[in-house]
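Commentary on secondary and tertiary structure
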Amino acid sequence: MTETADVVIVGGGIEGSAAAWALSARGVTDVVVAERNTVGSGMTGKSSGIVRCHYGVSSLAAMAAVGLEVFEQPQAFLGEQVTDIGFRQTGYVVGVGEPNVDSLRKSLAAQRAVGVQTEEIDHADVAKLWPFADLTPFAAFGWEARGGYGDAYQTAQAFSASARAAGVRVRQGCAATGLRVDGDRVTGVRLADGTEISAGTVVVANGVWTRPFLAPYGVDVPIRVIREQIVMIDPGVDAGPVPVFSDLVSLQYVRAEVGGDILFGNSDLPGYDSIEPADPDDYLNRATDDFVDVTVDKVGTRFPGFADAAISGSYAGCYDVTPDWNPVISQGPMDGLVIAAGFSGHGFKIAPAVGRLVADIVVDGHSSDPRIPASDFRLSRFAEGDPLKTPYPYVGAGQMR
């Protein structure tokens with residue numbers, strides 16, 4: 001059996017769901033989302049959900065600013081049926097040591113130039129926001145009052161519900177096993193049950209599964225899969241609604257949880273060539289003892305106010321990482337193919353803008369937002385030796401941009 005659609009989206013995670021929403025907002029509703037399990041059931045549900053616009057790459061900062069507008073007003077963008085997508089506007093603070101003060105200030109200025117509301121604040125300001133922290137090693141701080149954290153699973157569900165309300169067909173338990181190809185053109189997808197969907201455009205938003213899905217067709221998306229671990233901490237005190245804190249001295253980030261725990265993530269990430277590959281279908285879904293030791297050391301050093309802290313839980317997920325740790329949102333090398341993958345752990349906060357860029361590429365072939373040129377995210381940049389990198393890198397700060 002073969003059915004037809006204007007667009008098929010492979011993957012019902014947050015990026016695929018955002019693309020379906022954005023397409024429907026542009027009037028393209030003859031769309032099928034093929035999700036092998038349920039909406040948001042893959043790595044979307046493992047996101048730590050940080051919402052920040054602090055990027056040295058201006059197009060990414062602009063994308064995060066677009067995302068923030070949607071998170072702040074979900075009903076206005078996603079429909080009256082949306083009640084709560086889990087966004088908590090606690091604020092976001094980033095702290096750097098002396099070697100990175102100049103980069104921080106230049107990055108903040110570049111962010112403001114694309115519409116981000118951000119500023120530099122001093123030690124006294126941060127001490128009021130984070131009274132439990134030792135701020136001695138920091139030389140400067142950036143502050144986004146509109147930042148915070150969200151719930152990627154809830155947000156993906158809201159995108160999907162909005163798209164469905166507009167007429168998009170969301171197929172759960174519907175695994176796409178391959179592409180239909182005619183010469184150098186993609187003409188649809190094949191499904192696990194033997195049926196096929198014929199379509200003018202196929203959007204592959206398959207996250208960590210993108211590379212093996214496209215490899216049989218000679219399309220190489222340079223993605224490596226890395227396992228990332230998260231530890232939940234009972235701080236032993238009522239920390240209150242503290243802001244997200246990116247510590248670029250000891251390379252960690254923390255944020256509050258709704259129930260009072262503190263979520264810890266390690267920002268000391270390897271280079272692309274040093275990534276230890278993970279299997280996204282078979283990986284340890286908890287922190288290792290070594291990672292717990294790292295957590296105890298880093299949190300204990302930075303937050304002496306958590307004197308009676310204890311580990312309350314942990315989990316793990318996988319990132320789809322590209323060589324420059326930035327996404328591919330691009331027309332593919334075959335006609336009718338669009339790729340949205342390789343988000344390198346940053347996909348949640350920019351998802352609304354990703355959806356809109358995918359819709360722009362499908363409908364117009366180019367971006368409608370001059371702050372977010374589609375060329376920045378082209379797949380060909382890797383073969384061209386032109387990676388997307390910040391002009392204001394942080395010395396020793398891993399892949400934070």
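Above this text sits the structure in question.
Remember, it's a predicted structure, so these values are computed and weren't measured experimentally.

Now for the pairing of strand 17 (residues 328–331). Remark: a regular strand shows side chains that alternate across the two faces of the sheet. Sheet analysis places strand 17 next to strand 18 (residues 337–341), joined by four bridges and oriented antiparallel. Bridge pairing links V328 to A341 in strand 18. Between the end of strand 17 and the start of strand 18, which pair antiparallel, lie five residues, with G336 showing a positive phi angle near 85°.

Our next topic: a negative patch on the surface. A surface patch of negative charge is lined by D289, D290, D293 and D297. With respect to the helices and strands, the residue D289 is situated in helix 8 (residues 289–302).

What follows deals with the sheet that holds strand 6 (residues 140–144). Overall, mixed pairing links the eight strands, which are arranged 5-6-4-13-14-15-12-16 in an open sheet. Each end of this open sheet is capped by a strand with a single partner; those strands are strand 5 (119–121) and strand 16 (310–321). Neighbouring strand axes in the sheet, compared pairwise and without regard to direction, differ in orientation by 25° on average. Examined bridge by bridge, strand 13 (residues 244–247) and strand 14 (residues 252–256) share three bridges and lie antiparallel to one another. The residue of strand 14 that forms the bridge with D247 is Q252. Contacts between helix 4 (residues 101–113) and the sheet are confined to strand 4 (92–96), strand 5 and strand 6, with strand 6 contributing the most and set at about 20° to the helix.

A few words on the pairing of strand 6. With five of five residues buried, strand 6 lies mostly within the body of the structure. Both faces of strand 6 are covered, namely the face carrying A140, G142 and E144 and the face carrying F141 and W143. Pairing of strand 4 with strand 6 involves five bridges; the strand directions are antiparallel. Bridging across to strand 6, Y92 finds its partner in E144. With three bridges connecting them, strand 5 and strand 6 associate as antiparallel partners. Across the sheet, I121 pairs through a bridge with F141, a residue of strand 6.

Tallied over the entire structure, the rule returns 18 salt bridges. A salt bridge links D102 to K106, with the nearest nitrogen and oxygen atoms 3.1 Å apart. Taken as a pair, D102 and K106 lie in helix 4 at a separation of four residues, close to a single helical turn. Given the relative accessible area of 43%, K106 is considered partly exposed. Here R381 ties to D324 by a salt bridge, and the two come within 2.8 Å at their closest N and O atoms. Residue R381 is located in the segment after helix 9 (347–363), and its partner D324 is located in the loop between strand 16 and strand 17; the two are separated by 57 residues in the primary sequence. With a relative accessible area of 1%, D324 lands in the buried category. Residues participating in the shared-partner salt-bridge network are E3, D30, R169 and R171.

Definitions and limits used
Residues numbered from 1 in each chain as written. Predicted model: local features only at pLDDT ≥ 70, side-chain atom pairs only at ≥ 80, totals over all residues. Heavy atoms only, no water. Pairing = 2+ DSSP bridges. Helix = DSSP H or I, 4+ residues; strand = E, 2+ residues; numbered from the N terminus. Patch = residues over 30% accessible without salt bridge, like charges linked within 9 Å, V, L, I, M, F, W, Y side chains within 5 Å. Areas by Shrake-Rupley, 256 points an atom, 1.4 Å probe, with all protein chains shown as cover. Salt bridge = Lys/Arg side-chain N within 4 Å of Asp/Glu carboxyl O. Lys, Arg positive; Asp, Glu negative; His and termini not counted. Charge placed at Lys NZ, Arg CZ, Asp CG, Glu CD. Axes fitted to C-alpha atoms, helices over the stretch in contact; angles between N-to-C directions. Contact = heavy atoms within 4.5 Å. Buried < 20%, exposed > 50% of the residue type's maximum accessible area, 1.4 Å probe, protein only.

Nothing here speaks to function; it is all geometry.
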